[in-house]
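Coordinate inspection notes
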Number of protein chains: 2
Amino acid sequence: MKATLSRRALLRSGFATGVSAAAGAALAQDGPDPLITETQDWAIYTGDPVDATPYGLPIRFEADVIRRNVPWLTADPISSINFTPIHALDGTITPQGCAFERHHSGAIELAKEDYRLMINGLVDTPLVFTYEDLERFPRENHVYFCECAANTGMEWAGAQLNGVQFTHGMIHNMEYTGVSLRTLLNEAGLGAAGDLSDKWVYVEGADASSNGRSIPMEKALDDVLVAFKANGEALRKEHGYPVRLVVPGWEGNMWVKWLRRIEVTDAAVQSREETSKYTDVLADGTARKWTWVMDAKSVITSPSPQQPITHGNGPLVITGLAWSGHGKITRVDISKDGGMTWETARLGRQGDTKALTRFYLDTEWNGEPWLLQSRAMDETGYVQPTKDELREVRGENSVYHNNCIQTWAIAPDGKAENVEVS
Amino acid sequence: MKATLSRRALLRSGFATGVSAAAGAALAQDGPDPLITETQDWAIYTGDPVDATPYGLPIRFEADVIRRNVPWLTADPISSINFTPIHALDGTITPQGCAFERHHSGAIELAKEDYRLMINGLVDTPLVFTYEDLERFPRENHVYFCECAANTGMEWAGAQLNGVQFTHGMIHNMEYTGVSLRTLLNEAGLGAAGDLSDKWVYVEGADASSNGRSIPMEKALDDVLVAFKANGEALRKEHGYPVRLVVPGWEGNMWVKWLRRIEVTDAAVQSREETSKYTDVLADGTARKWTWVMDAKSVITSPSPQQPITHGNGPLVITGLAWSGHGKITRVDISKDGGMTWETARLGRQGDTKALTRFYLDTEWNGEPWLLQSRAMDETGYVQPTKDELREVRGENSVYHNNCIQTWAIAPDGKAENVEVS
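Residues numbered from 1 in each chain as written. Chains lettered and ligands numbered in written order. Predicted model: local features only at pLDDT ≥ 70, side-chain atom pairs only at ≥ 80, totals over all residues. Heavy atoms only, no water.

Points about the sheet that holds strand 18 (residues 357–365) of chain A
Sheet architecture is open: four strands sit in the order 13-14-18-17 (chain A), paired in antiparallel fashion. A strand with exactly one partner marks an edge of an open sheet, and here the two such strands are strand 13 (297–302) and strand 17 (346–347) of chain A. (Pairing = 2+ DSSP bridges. Helix = DSSP H or I, 4+ residues; strand = E, 2+ residues; numbered from the N terminus.)

In structure tokens, the structure reads:
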């Protein structure tokens with residue numbers, strides 16, 4: 001900020017006249033302090049005033065902690081993805097500003113005044129809600145992870161991208177505030193739908209892609225949220241402002257952004273996004289369909305290719321993230337030898353259900369080569385599989401829902417590389 | 001963003017040639033849709049690509065959700081405060097970008113490479129840690145609120161500022177990751193300190209103010225964190241990058257930013273910030289000292305002066321925040337008649353200890369004038385007092401630690417005003 005810089009310059013020149021003699025004397029008396037460098041003027045000059053940044057951004061030293069896309073991955077950045085810099089984060093919350101994006105026709109700009117949400121189909125009274133209408137229904141707060149079904153998909157094909165941001169960064173974890181979808185469906189009335197056990201809702205967004213998806217009624221009436229806040233504030237434009245669907249534990253494609261319509265139907269729509277896309281082609285060429293839940297998964301975020309060990313031998317903190325679309329993470333194990341032996345990691349703050357859990361292993365490293373892996377377990381007893389185990393079931397054509405164990409090879413110089421072990 | 005705008009313009013003109021005739025026909029057939037306005041082009045034009053914002057900011061429609069300072073409040077914005085826009089937030093997490101600031105000599109810019117933390121005084125081995133050293137100790141994740149002791153202080157003096165951002169906005173709530181202070185003190189060794197029950201630590205920052213504070217050893221060994229991440233990412237410059245102290249439940253002034261030194265002492269230092277400031281002058285002119293804990297408090301954030309009721313009669317969601325420096329919030333009551341009768345609010349996601357809890361009352365409003373209040377209770381059984389009750393104990397000179405019940409008068413037109421009832 002130019003204003004700030006010139007203010008600092010001004011203060012510096014003013015200050016030099018009055019006090020520098022005394023400060024210089026003190027330094028001369030004790031000899032130069034090796035810790036004091038040219039840039040360490042913060043203890044004698046003032047910093048930024050409180051009106052400098054009405055809405056703040058990260059400090060310039062953290063300029064590498066950003067979303068990144070991979071230009072060769074898709075034909076057009078309008079229908080593409082970028083990746084959360086999970087290598088550089090800690091704790092569990094993902095700030096909206098660096099939470100991954102996946103658009104099918106770009107992030108649209110939709111003002112609250114123009115926003116409408118229609119509920120139609122097999123309901124007693126079709127309804128159109130304004131944004132203000134939505135704010136009049138009872139709200140809930142929940143932390144949930146959102147993971148793209150294609151997260152780690154490039155690893156299935158053997159791309160071995162050298163960075164956890166790229167292998168596992170299509171995930172974020174935020175505190176959502178919104179209205180239960182159940183509440184809105186009941187407002188429209190489900191009497192007209194008859195027996196609900198075989199009914200569906202079809203949800204679509206206001207963007208050009210519309211990104212329509214079918215959700216079974218059982219899930220729609222369970223924990224789905226029509227959300228308008230994330231991490232306390234309004235959804236960002238790229239996360240569906242002003243309203244998105246939150247479908248806890250299920251693949252990110254169903255978390256429809258700029259939500260415009262919810263239709264109660266007596267059958268799945270079999271839309272593009274649930275037939276030609278977001279299905280899993282098996283070895284025999286047939287496709288697994290309705291693979292909604294994101295199974296238990298984990299990955300070590302540090303050390304990792306973007307976060308090598310730079311501090312030499314001795315104490316080392318290994319850390320990473322674990323999550324399950326089926327509920328809570330109950331345990332994470334870490335292997336240093338490619339899966340032969342395992343140690344149990346310490347879980348950070350007990351995660352919410354269907355939310356990221358942070359894990360740590362406080363250990364020692366003395367230059368040994370490691371094959372570092374993590375393995376998550378969830379409250380259903382499910383254990384994160386190896387790639388070989390997953391391949392046996394799925395064959396080689398599937399790219400979605402790759403939740404297999406990831407390996408980082410740690411070299412004696414502390415560098416980490418994405419490798420495969422079997 | 002200019003690039004995006006011109007891209008949109010380009011697409012628009014290209015599109016018009018090929019498809020507008022058909023689209024126009026469809027509109028003519030059905031008649032103009034009253035919901036479709038001039039700006040609603042999002043369903044036929046594409047939005048922003050994924051490389052548009054490597055680190056995102058809020059959408060332009062939310063430009064009012066910012067920190068605000070009050071220029072007349074302090075002589076200089078270098079030693080001043082600004083306020084979190086809590087009127088516009090929901091849930092519990094405060095994004096760093098709009099979390100209030102309080103500086104005594106401005107927000108300084110301190111690179112990780114230049115960062116040092118010294119532990120000295122009554123320790124076995126005085127130590128100086130680099131930033132990288134700190135990352136090698138076991139880390140913890142916790143959500144805590146940070147409230148300035150002066151929050152709501154202007155209300156004590158009867159300023160009656162017309163906005164919850166100004167009356168209660170010197171608070172934020174984030175998920176911190178860091179190393180327990182206990183761990184670092186044990187690393188230096190506390191044998192030299194002897195009996196710990198009467199020892200203190202003196203903590204100070206690297207900014208010009210140094211903002212030194214004494215903390216009793218019992219608290220230092222309990223839940224104090226040396227934190228380097230907030231809401232998953234690095235601390236922002238204005239929140240103490242790269243390292244700040246987190247003193248759960250205690251007044252914000254003790255949460256020293258740009259933490260540079262921790263000295264183990266056999267007595268409190270009686271620094272400026274704990275004698276002439278941050279003490280509470282009583283009716284007889286003596287001062288209460290060591291008033292560290294922030295007692296249970298709550299406030300309704302909507303409706304409030306900055307969030308009037310604009311939707312007319314019928315269903316209304318009343319919401320707000322509650323917190324206690326003594327632990328968890330167990331109950332919040334809401335009064336519509338200035339404290340004569342109370343209804344129990346619904347608590348959002350169960351808050352962590354010493355963290356913000358969101359509350360809701362799903363109710364009806366039909367134009368009645370209300371005197372709206374909230375009253376928090378915490379797990380110790382403490383009940384948030386009225387201003388009269390607090391005045392009886394404290395007199396009129398105290399400005400810090402005003403945790404009394406706040407009243408908003410709701411007028412028949414839905415506007416809200418800051419009033420006092422007794």
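Quick notes on the environment of Gly 249 of chain B
All names here are of chain B. Relative to the assigned elements, Gly 249 resides in the loop between strand 11 (244–246) and strand 12 (259–265). Distance in space between the C-alpha atoms of Gly 249 and Trp 292 is 8.2 Å, their sequence separation being 43 residues. Setting aside residues no more than four positions away along its own chain, Gly 249 makes contact with Phe 145, Trp 292, Val 293, Met 294, Gly 325 and Lys 354. (Contact = heavy atoms within 4.5 Å.)

Some points on the packing of aromatic side chains
All names here are of chain B. Applying the stated rule across the entire model yields 22 aromatic pairs over all chains. Measuring from ring centre to ring centre gives 5.5 Å for Phe 83 and Phe 166, while their planes differ by 70 degrees; the resulting arrangement is edge-to-face. Taken together, the residues Phe 83 in strand 2 (residues 82–83) and Phe 166 in helix 4 (residues 164–168) connect sequence positions 83 residues apart. Judged by relative accessible area, Phe 83 falls into the buried class, the value being 0%. Since its relative accessible area comes to 19%, Phe 166 is described here as buried. Relative to Trp 292, the ring of Trp 250 has its centre 4.9 Å away and its plane inclined at 5 degrees; by these criteria the two rings are stacked. Linking Trp 250 in the loop between strand 11 and strand 12 with Trp 292 in the loop between strand 14 (287–288) and strand 15 (297–302), this pair joins segments that are 42 residues apart in sequence. (Phe/Tyr/Trp six-rings, centres within 6.5 Å; stacked < 30°, edge-to-face > 60°. Buried < 20%, exposed > 50% of the residue type's maximum accessible area, 1.4 Å probe, protein only.)

Regarding unusual backbone geometry
Cis geometry marks the peptide bond from Tyr 241 of chain A to Pro 242 of chain A; its omega dihedral reads 0 degrees. Topologically, Pro 242 of chain A is positioned in the loop between strand 8 (233–234) and strand 9 (244–246). Positive phi, normally seen in glycine, also occurs at Tyr 278 of chain A, with a value near 55 degrees. Within the secondary structure, Tyr 278 of chain A is located in the loop between strand 10 (259–265) and strand 11 (280–281). Note on Tyr 278 of chain A: relative accessible area 4%, which makes it buried. Even without being a glycine, Gln 160 of chain B presents a positive backbone phi close to 50 degrees.

Focus on the relation of the copies chain A and chain B
Copy one and copy two of the chain differ by a rotation about a common axis and a shift along it. Under the fitted operation, chain A is carried onto chain B by 0.0 Å of movement along the axis and a turn of 180 degrees, and the coordinates agree to an RMSD of 0.0 Å. Taken together, the rotation and translation describe the operation of a two-fold axis. Comparing contact sets, 100% of the residues at the interface of chain A also lie at the interface in chain B, consistent with an isologous, same-surface contact. (Least-squares fit on C-alpha atoms with pLDDT ≥ 70 in both.)

What about the interface of chain A and chain B?
By a frequent convention, interface size equals the accessible area lost on bringing the separate parts together. Listed by partner, the interface residues are 95 residues for chain A and 96 residues for chain B. Per-residue buried area on chain A facing chain B is highest for Trp 42, Val 50 and Arg 136 of chain A; these three make up 11% of the total on that side. In this structure, the connection of chain A to chain B is made through eight salt bridges. We note a salt bridge from Arg 60 of chain B to Glu 109 of chain A, for which the minimum N-O separation is 2.6 Å. Counting the contacts that link chain A with chain B gives 50 residue pairs in polar contact (both at pLDDT 80 or more). Those elements that provide at least two residues to the side of chain A that touches chain B are strand 3 (139–147), strand 4 (171–180), strand 8, strand 14 (314–323) and strand 18 of chain A. For the side of chain A that touches chain B, a count of residues per class yields 37 nonpolar, 28 polar and 30 charged. (Buried area = accessible area lost by both parts, 1.4 Å probe. Salt bridge = Lys/Arg side-chain N within 4 Å of Asp/Glu carboxyl O. Polar contact = N/O pair within 3.5 Å; in protein donor to acceptor, adjacent residues only side chain to side chain. Nonpolar A, V, L, I, M, F, W, Y, C, P; charged D, E, K, R; others polar.)

Some details on the sheet that holds strand 12 of chain B
All names here are of chain B. Strand order in the open sheet formed by five strands is 4-3-12-7-8, and the pairing between neighbours is mixed. Strand pairing shows two members of the sheet lacking a second neighbour, strand 4 (127–130) and strand 8 (213–216), which therefore form its edges. In this sheet, neighbouring strand axes are inclined to one another by 20 degrees on average, regardless of whether the strands run parallel or antiparallel. Two strands pair when backbone bridges link them, and strand 3 (residues 116–121) and strand 12 are joined in this way by four bridges, in the parallel orientation. Bridge pairing in strand 12 places Asn 120 opposite Glu 263. (Axes fitted to C-alpha atoms, helices over the stretch in contact; angles between N-to-C directions.)

A few points about the pattern of salt bridges
Any two side chains of opposite charge can pair if their charged atoms end up close together. Inspection of every chain in the model, using the stated rule, returns 53 salt bridges over all chains. Of the charged contacts in the structure, one is a salt bridge between Glu 263 of chain A and Arg 261 of chain A, with a shortest N-O distance of 2.6 Å. Using a relative accessible area of 23% as the deciding quantity, one classes Glu 263 of chain A as partly exposed. Accessibility expressed as a relative area gives 17% for Arg 261 of chain A, which makes it buried. Among the salt bridges present, the one from Arg 261 of chain B reaches Glu 204 of chain B, with a minimum N-O distance of 2.8 Å. Of this pair, Arg 261 of chain B sits in strand 12 while Glu 204 of chain B is found in strand 7 (residues 200–205), placing the two residues 57 residues apart along the sequence. Salt bridges here are not isolated pairs; linked through shared partners, they connect Glu 109 and Lys 237 of chain A together with Asp 48 and Arg 60 of chain B.

Let's talk about the pairing of strand 6 (residues 213–216) of chain A
Consecutive side chains of a regular strand alternate in pointing toward one face of the sheet and then the other. All names here are of chain A. Alternating residues of strand 6 divide into Arg 213 and Ile 215 and Ser 214 and Pro 216, and every residue in both groups is buried. Where strand 5 (residues 200–205) lies against strand 6, four bridges are found, and the strand directions are antiparallel. The residue of strand 6 that forms the bridge with Val 203 is Arg 213.

A word on the confidence of the model for chain A
On average, residues of chain A score 90 in pLDDT, and 90% of them are at 70 or above. Counting contacts from residues 1–39 of chain A, a segment whose pLDDT is below 50, to residues more than four positions away or on other chains yields 22 contacts. (pLDDT = per-residue confidence, 0-100.)

Digging into the environment of Ala 234 of chain A
All names here are of chain A. By the element assignment, Ala 234 lies in strand 8. Owing to a relative accessible area of 9%, Ala 234 belongs among the buried residues under this scheme. As a C-alpha pair, Ala 234 and Gln 350 span 116 residues in sequence and 26 Å in three-dimensional space.

Observations concerning the pairing of strand 20 (residues 357–365) of chain B
All names here are of chain B. Burial within strand 20 is extensive, with seven of its nine residues counted as buried. Sheet analysis places strand 16 (residues 314–323) next to strand 20, joined by nine bridges and oriented antiparallel. Each residue of the ladder has a partner; that of Leu 316, found in strand 20, is Thr 363. When strand 19 (residues 346–347) meets strand 20, the two strands line up antiparallel, connected through two bridges. Its bridge partner lying in strand 20, Arg 346 is registered against Tyr 360.

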